[in-house]
Amino acid sequence: DAKTTQPTSMDCAEGRAANLPCNHSTISGNEYVYWYRQIHSQGPQYIIHGLKNNETNEMASLIITEDRKSSTLILPHATLRDTAVYYCIVRGYNTNAGKSTFGDGTTLTVKP
Amino acid sequence: GAVVSQHPSWVICKSGTSVKIECRSLDFQATTMFWYRQFPKQSLMLMATSNEGSKATYEQGVEKDKFLINHASLTLSTLTVTSAHPEDSSFYICSAREERGNQETQYFGPGTRLLVL
């Protein structure tokens, strides 16, 4: 699976948009970008995933650059409950047995 | 999203005993489940891949005889920590893989916190 690079930490004001970047310059054509988050002492929560096109769901939006070498997760109106570690993972369907490799992620702190 | 449960949510045991952790996919069938371990202030580390009806595949450095994995059905995988020792104290998390067409998503359980005294 392609390696990802994320900033160690970010702050965001409550109510503002949180934009979390992820670099995945070695991504292959059949690999998807997945985002998960882990709130303290809980299991990771699936947020969103995409291949080429931008995606949006009730939790977030995922913007993938045209060359697919980077992406941004957008939480449109961050709340205090969005404080968590956010993981960007690149994974191909059925490649490497579907295993997810977790890096250190970005610790997002939403401040009042 | 899909729901994955784990039981128990936490367990305290004496050194030398064995502990079984269950992982269930509640609203979908999962031919593949994964087991992770997370130490404080660290990221998740994959321990093994659990395949329904076949043997688990362990990551390098993970002792298969110590961490027994059984994937007896499409909705249940179990991890047994045999002869647990204090260094096995950790947060154990499972994930279940949901496949739809040529896409797949993995959903994680809430984790099981193990403390070995």
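Scope of this entry: the structure provided in the associated data block. (Residues numbered from 1 in each chain as written. Chains lettered and ligands numbered in written order. Predicted model: local features only at pLDDT ≥ 70, side-chain atom pairs only at ≥ 80, totals over all residues. Heavy atoms only, no water.)

## Some thoughts on the sheet that holds strand S3 (residues 19–25) of chain B
All names here are of chain B.
- With respect to topology, four strands assemble into an open sheet ordered S1-S3-S8-S7, the strand pairing being antiparallel. At either margin of the open sheet sits one strand with a lone partner, and together these are strand S1 (4–7) and strand S7 (67–73). When the angles between neighbouring strand axes are averaged without regard to direction, this sheet yields 15°.
- Sheet topology places S1 next to S3; four bridges connect them, and they run antiparallel. Looking at the pairing, Gln6 lines up with Cys23 of S3. (Pairing = 2+ DSSP bridges. Helix = DSSP H or I, 4+ residues; strand = E, 2+ residues; numbered from the N terminus. Axes fitted to C-alpha atoms, helices over the stretch in contact; angles between N-to-C directions.)

## A closer look at the pattern of salt bridges
Residues and elements named next belong to chain B.
- With the rule as written, the count across this model stands at eight salt bridges over all chains.
- As a salt-bridge pair, Arg100 and Glu98 come within 3.2 Å of each other at their nearest N and O atoms.
- Take Glu98: its relative accessible area is 12%, and that puts it in the buried class. (Salt bridge = Lys/Arg side-chain N within 4 Å of Asp/Glu carboxyl O. Buried < 20%, exposed > 50% of the residue type's maximum accessible area, 1.4 Å probe, protein only.)

## A short note on the interface of chain B and chain A
- Counting residues at the interface gives 23 residues for chain B and 22 residues for chain A.
- Counting the surface lost from both chain B and chain A, the interface buries some 1800 Å², and carbon and sulfur atoms represent 46% of this.
- Taken together, chain B and chain A are joined by two salt bridges.
- Where Arg91 of chain A meets Glu104 of chain B, a salt bridge forms, and the shortest distance between an N and an O atom there is 2.6 Å.
- Put simply, chain B and chain A have nine residue pairs in polar contact (both at pLDDT 80 or more) between them.
- Of all the secondary-structure elements, those providing two or more residues to the side of chain B that touches chain A are strand S4 (32–38), strand S5 (45–51), strand S9 (90–100) and strand S10 (103–108) of chain B.
- Here the element with the most residues in the side of chain B that touches chain A is S10 of chain B; it accounts for six residues.
- Grouping the constituent residues of the side of chain B that touches chain A by class yields nine nonpolar, nine polar and five charged. (Contact = heavy atoms within 4.5 Å. Buried area = accessible area lost by both parts, 1.4 Å probe. Polar contact = N/O pair within 3.5 Å; in protein donor to acceptor, adjacent residues only side chain to side chain. Nonpolar A, V, L, I, M, F, W, Y, C, P; charged D, E, K, R; others polar.)

## What about the sheet that holds strand S9 (residues 106–111) of chain A?
Residue and element names in this part refer to chain A.
- Strand order in the open sheet formed by five strands is S1-S9-S8-S3-S4, with mixed pairing between adjacent strands. The sheet terminates laterally at strand S1 (9–13) and strand S4 (45–50), the two strands that pair on one side only. Sheet twist, expressed as the average angle between the axes of neighbouring strands with direction ignored, equals 25°.
- Alignment of S1 against S9, held across five bridges, turns out to be parallel. Across the sheet, Asp11 pairs through a bridge with Thr109, a residue of S9.

## Points about the state of the cysteines
- Taken as a whole and judged by the stated rule, the model has two disulfides over all chains.
- Between Cys23 of chain B and Cys94 of chain B runs a disulfide, and the two sulfur atoms are separated by 2.0 Å. The sign of the 80° torsion about the S-S bond sets the Cys23 of chain B-Cys94 of chain B disulfide as right-handed. Of this pair, Cys23 of chain B sits in strand S3 while Cys94 of chain B sits in strand S9; the two residues are 71 residues apart in sequence, bridging distant segments of the chain.
- We note that Cys12 of chain A lacks a disulfide partner, and the nearest cysteine sulfur, in Cys22 of chain A, lies 18 Å from it.
- Using a relative accessible area of 7% as the deciding quantity, one classes Cys12 of chain A as buried.
- No disulfide involves Cys13 of chain B; its nearest neighbouring cysteine sulfur is the one of Cys94 of chain B, lying 19 Å away. (Disulfide = S-S within 2.5 Å.)

Coordinates in, geometry out; function isn't part of it.
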